[in-house]
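Structure assessment
Next come the chains, spelled out residue by residue.
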Amino acid sequence: MGENHFQRWPATLYGLNLLFCAIAFLGLQWRLIAIQGSDGALQRAVGSDLKGKATPWLYVLGIGLTWLVSPTLGTALYAGAALVWLVPDTRMEQAVRSG
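What comes next is a walk through the structure. (Residues numbered from 1 in each chain as written. Predicted model: local features only at pLDDT ≥ 70, side-chain atom pairs only at ≥ 80, totals over all residues. Heavy atoms only, no water.)

With that settled, consider the packing of helix 3 (residues 50-68) against helix 4 (residues 71-84). Remark: helix 3 packs on helix 4, axes separated minimally by 7 Å, with the N-to-C direction vectors making an angle of 170°. With respect to helix 4, the element helix 3 is oriented roughly antiparallel. Contacts between helix 3 and helix 4 involve Lys51, Thr55, Leu58, Tyr59, Leu61, Gly62, Ile63, Leu65 and Thr66 on the former and, on the latter, Pro71, Leu73, Gly74, Thr75, Leu77, Tyr78, Ala81 and Val84. Residues belonging to the contact of helix 3 with helix 4 are distributed by class as follows: eleven nonpolar, five polar and one charged. (Axes fitted to C-alpha atoms, helices over the stretch in contact; angles between N-to-C directions. Helix = DSSP H or I, 4+ residues; strand = E, 2+ residues; numbered from the N terminus. Parallel < 35°, antiparallel > 145°, perpendicular 65-115°, else oblique. Contact = heavy atoms within 4.5 Å. Nonpolar A, V, L, I, M, F, W, Y, C, P; charged D, E, K, R; others polar.)

Dropping the structure here:
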C-alpha cells in the first residue's frame, strides 16, 4: 500500500485480505472445537474469545472507513487490530500446562 500512497482500492483490498484471513481462522477454530466437543480442551482454552470475534468486525469497520472517510483511517484501524494481537494470549499455554 505504501507504493500506492494509501489509495482507496489498495487499502480496501488489504482490508479484505485481512478479513478473509480472520474468517478462515475463526472457521478453523470452530471446526476444531466441533470435532473435540464443547467440553474439549480447545473450547476451555478459547473461552469467549473476544479478540477473535471482534477482529473481523474491526476489519469490516476499517473497510467502511476506507470508503466513507479516508483510506488512511481505515488502514489505521487495521493496524489497531494487529496491535491488539501483540498482547500475548496465555490461555492456550495455560490449557496445555494444565493437561
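Quick look at the environment of Asp49 now. The residue Asp49 is located in the loop between helix 2 (41-46) and helix 3 in this model. Overall, Asp49 belongs to the buried group, its relative accessible area being 4%. Sequence separation between Asp49 and Tyr14 is 35 residues, and the spatial gap between their C-alpha atoms is 24 Å. Not counting the four nearest positions on each side in its chain, Asp49 is found in contact with Leu26, Gln29 and Arg91. (Buried < 20%, exposed > 50% of the residue type's maximum accessible area, 1.4 Å probe, protein only.)

Our focus in this paragraph is helix 3. End to end, helix 3 covers 26 Å across 19 residues, agreeing with the expected 27 Å (1.5 Å per residue, within 8%). Lys51, Gly52, Thr55, Pro56, Tyr59, Gly62, Ile63 and Thr66 are the residues of helix 3 that are buried. Across the axial projection of helix 3, the buried residues extend over an arc of 140°, all falling on one side. Along helix 3, the residues that are exposed and aim more than 90 degrees away from the buried face are Leu50, Trp57 and Leu68. In this fold, the buried residues of helix 3 make contact with helix 1 (8-36) and helix 4. (Expected span 1.5 Å × (residues − 1). Arc of directions from axis to C-beta.)

If you walk through the whole model with that rule in mind, you get three aromatic pairs. Judged by centre distance (5.1 Å) and plane angle (80°), the ring pair of Trp9 and Trp67 falls under edge-to-face. Here Trp67 lies in helix 3 and Trp9 lies in helix 1, a separation of 58 residues in the sequence. Members of the aromatic cluster, connected to one another through ring pairs, are Tyr14, Tyr59 and Tyr78. Looking at Lys51, its charged tip hangs above the ring of Trp85, at a distance of 4.6 Å from the centre. (Phe/Tyr/Trp six-rings, centres within 6.5 Å; stacked < 30°, edge-to-face > 60°. Lys NZ or Arg CZ within 6 Å of the ring centre and 35° of its normal.)

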